[in-house]
Amino acid sequence: MLLDGLIHINYLVRQTMATKKHDKPIEHKTIGKGKTYNPTDKGAGMTAKGRAEYNKKNGSNLKPPAPNPKTEKDAGRKASFCARMEGVVAKAKGPAERAKASLKNWNC
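So, here's what we can say about the structure. What you see is a predicted model, and the numbers here were worked out from it, not measured in a lab. In this numbering scheme, every chain counts its residues from 1 along its sequence in written order. Local features in this predicted model are restricted to residues of pLDDT 70 or higher, and side-chain atom pairs are both shown and tallied only at a pLDDT of 80 or more, whereas totals for entire chains, interfaces and linings draw on every residue. The side-chain numbers reported here are obtained from all heavy atoms of the structure, hydrogens and water having been left aside.

## Here's the deal with the overall build of the chain
To keep things clear, this is the line we draw: Only DSSP runs of H or I reaching four residues or more are called helices, and only runs of E reaching two or more are called strands; each is numbered from the N terminus. The buried label goes to any residue with under 20% of its type's maximum accessible area, the exposed label to any with over 50%, and the partly exposed label to all in between, with areas taken from a 1.4 Å probe on protein chains only. Values of accessible area rely on a 1.4 Å probe in the Shrake-Rupley scheme; residue burial ignores everything except the protein chains shown.
Across its full length, the chain carries 4 helices and 0 strands. Shown N-terminal to C-terminal, the secondary structure of the chain runs as helices and strands in the order α-α-α-α. Counting only residues that meet the buried cut, the chain has 22% of its 108 residues in that class. Of the accessible surface of the chain, which amounts to about 8,300 Å², a share of 59% is contributed by carbon and sulfur atoms.

## As for the packing of aromatic side chains
The following threshold applies: Aromatic contacts are taken between Phe, Tyr and Trp rings whose centres are within 6.5 Å, Trp giving its six-membered ring; a plane angle under 30 degrees counts as stacked, one over 60 as edge-to-face, and the others as tilted.
Tallied over the full model, the rule gives 1 aromatic pair. Ring centres of Phe81 and Trp106 lie 4.2 Å apart, and the angle between their planes is 20°; this geometry places the pair in the stacked category. Remark: Trp106 occurs in the segment after helix H4 (97-105) and Phe81 occurs in helix H3 (residues 72-91); sequence separation between them is 25 residues. As far as burial versus exposure is concerned, Phe81 and Trp106 are alike and both buried.

## Quick look at unusual backbone geometry
Of note, Ala44 is a non-glycine position whose phi angle comes to about 55°, a positive value. On the secondary structure map, Ala44 appears in the loop between helix H1 (2-19) and helix H2 (48-58). Look at Asn107: it is not a glycine, yet its phi comes out positive at around 60°. Relative to the elements of secondary structure, Asn107 occurs in the segment after H4.

## Some remarks on H2
Each full turn of the α-helix corresponds to 3.6 residues, which orients residues three or four apart in the same direction. Filter applied, for reference: For this quantity, the arc is that covered by the directions from the helix axis to the C-beta atoms.
Here H2 has its buried residues at Gly50, Arg51, Tyr54, Asn55 and Asn58. Along the long axis of H2, the arc covered by the buried residues comes to 130°, so they all point the same way. Structural note: H2 exposes Ala48 and Lys56 on the side pointing more than 90 degrees away from its buried face. Where H2 terminates, the next one or two residues include Gly59, which has phi positive at roughly 65°.

Structure follows, in structure tokens:
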């Protein structure tokens with residue numbers, strides 16, 4: 001009986017985590033004083049100001065790119081990002097310019 005209760009609780013926690021929306025997007029600005037994203041020709045991705053704004057709005061902890069990782073944790077983050085973005089580029093229906101630019105920015 002106890003095991004059934006724990007399984008049910010675990011299921012409910014996973015369902016809540018999977019459906020919880022905490023993503024409050026920020027404005028996508030690539031020019032001007034308050035830009036939050038880099039333009040495609042500058043490597044795409046968020047600027048430091050954009051990451052700070054997103055983190056504040058969502059209670060997140062986005063980190064800057066790690067093209068030359070100094071720690072094992074950063075190396076793992078880079079490997080994960082590169083694998084994920086290479087999949088995005090491979091499965092894209094169009095040219096996926098921003099994804100390609102971010103791969104270049106991360107030295108993938």
